[in-house]
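Structural characterization, general
So you can see what is in the structure, the chains are spelled out below.
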Amino acid sequence: QVQLVESGGGLVQAGDSLRLSCAASGCSNRCYAVGWFRQAPGKEREFVATITYNPETTQYADSVKGRFTISRDNALNTVYLQMDSLKPEETAVYYCAAVTAYSGSYVSDGWYDYWGQGTQVTVSS
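Report on the accompanying structure. Quick caveat: nothing in here was measured; it's all calculated off a predicted structure.

Thresholds applied
- Residues numbered from 1 in each chain as written.
- Predicted model: local features only at pLDDT ≥ 70, side-chain atom pairs only at ≥ 80, totals over all residues.
- Heavy atoms only, no water.
- Disulfide = S-S within 2.5 Å.
- Helix = DSSP H or I, 4+ residues; strand = E, 2+ residues; numbered from the N terminus.
- Buried < 20%, exposed > 50% of the residue type's maximum accessible area, 1.4 Å probe, protein only.
- Phe/Tyr/Trp six-rings, centres within 6.5 Å; stacked < 30°, edge-to-face > 60°.
- Lys NZ or Arg CZ within 6 Å of the ring centre and 35° of its normal.
- Pairing = 2+ DSSP bridges.
- Axes fitted to C-alpha atoms, helices over the stretch in contact; angles between N-to-C directions.
- Core = buried A, V, L, I, M, F, W, Y, C linked by side-chain atoms within 4.5 Å.
- Contact = heavy atoms within 4.5 Å.

1. Some details on the state of the cysteines
Within this structure, the stated rule accounts for two disulfides. Across the disulfide, cysteine 22 is cross-linked to cysteine 96 (sulfur-sulfur distance 2.1 Å). Taking the sign of the S-S torsion, about 65° here, the bridge from cysteine 22 to cysteine 96 comes out right-handed. Of this pair, cysteine 22 sits in strand β3 (residues 18-25) while cysteine 96 sits in strand β9 (residues 92-99), placing them 74 residues apart in sequence. Exposure remark for cysteine 22: the relative accessible area of 0% places this residue in the buried category.

2. Regarding the packing of aromatic side chains
Summed over the entire model, instances satisfying the criterion amount to six aromatic pairs. Relative to tyrosine 102, the ring of tyrosine 32 has its centre 6.1 Å away and its plane inclined at 65°; by these criteria the two rings are edge-to-face. Here tyrosine 32 is found in the loop between β3 and β4 (33-39), whereas its partner tyrosine 102 is found in the loop between β9 and β10 (114-115), with 70 residues between them in sequence. Its relative accessible area of 61% is what places tyrosine 102 among the exposed residues. Three or more aromatic residues joined by ring pairs make a cluster, and in this case those are Phe37, Phe47, Tyr95, Tyr112 and Trp115. Taking NZ or CZ as reference, arginine 45 lies 3.8 Å from the ring centre of tryptophan 115, over its face. The ring of tyrosine 53 has arginine 72 lying over it, and the distance from NZ or CZ to the ring centre is 4.1 Å.

3. A closer look at the sheet that holds β3
In spatial order, the strands read β1-β3-β8-β7; together these four strands make up an open sheet with antiparallel pairing. Of all the strands in the sheet, the pair left with one neighbour each is β1 (3-7) and β7 (68-73). Averaged over all pairs of adjacent strands, the angle between strand axes in this sheet comes to 15°, irrespective of strand direction. Of the pairings in the sheet, the one linking β7 to strand β8 (residues 78-83) comprises six bridges and is antiparallel in character. Along β8, the bridge assignment pairs serine 71 with tyrosine 80.

4. Topic: the nonpolar core
Counting residues in each nonpolar core, the largest one holds 39 residues, and the members touching the most others are Trp36, Leu81, Met83 and Tyr94. Those elements that provide at least two residues to this core are β3, β4, β5 (46-52), β7, β8, β9 and β11 (119-124). In terms of residue count, β9 provides more of this core than any other element does, six residues in total. Beyond its immediate chain neighbours, meaning those up to four positions away, methionine 83 contacts Asp16, Ser17, Leu18, Leu20, Arg67, Phe68, Tyr94 and Val121.

In structure tokens, the structure reads:
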């Protein structure tokens with residue numbers, strides 16, 4: 001069973017940094033990828049970044065390239081999302097999610113079968 005628990009959200013000012021963590025128990029032998037998504041009030045959930053397990057590759061939404069970094073600590077079974085130069089429009093609930101089936105792309109949330117409870121990120125202007 002895969003269980004995902006996010007942490008690290010909070011209130012920051014525009015331009016600040018924040019690091020989110022996703023404790024992904026049960027993923028080391030089952031997951032093909034872990035991704036981060038976000039959902040702002042009144043908007044659809046959108047892809048932010050994903051990291052695959054074997055081989056390790058990363059992919060980012062165009063809107064966050066160069067500012068966000070996804071990484072993984074295998075020993076801790078934790079996936080991180082380092083977010084730099086945050087913008088007010090990036091205020092949202094951030095979710096991590098895991099895929100347990102192979103796919104050619106992990107951008108679509110439809111591929112993810114396990115989700116965390118989400119962590120709120122608020123960026124003030």
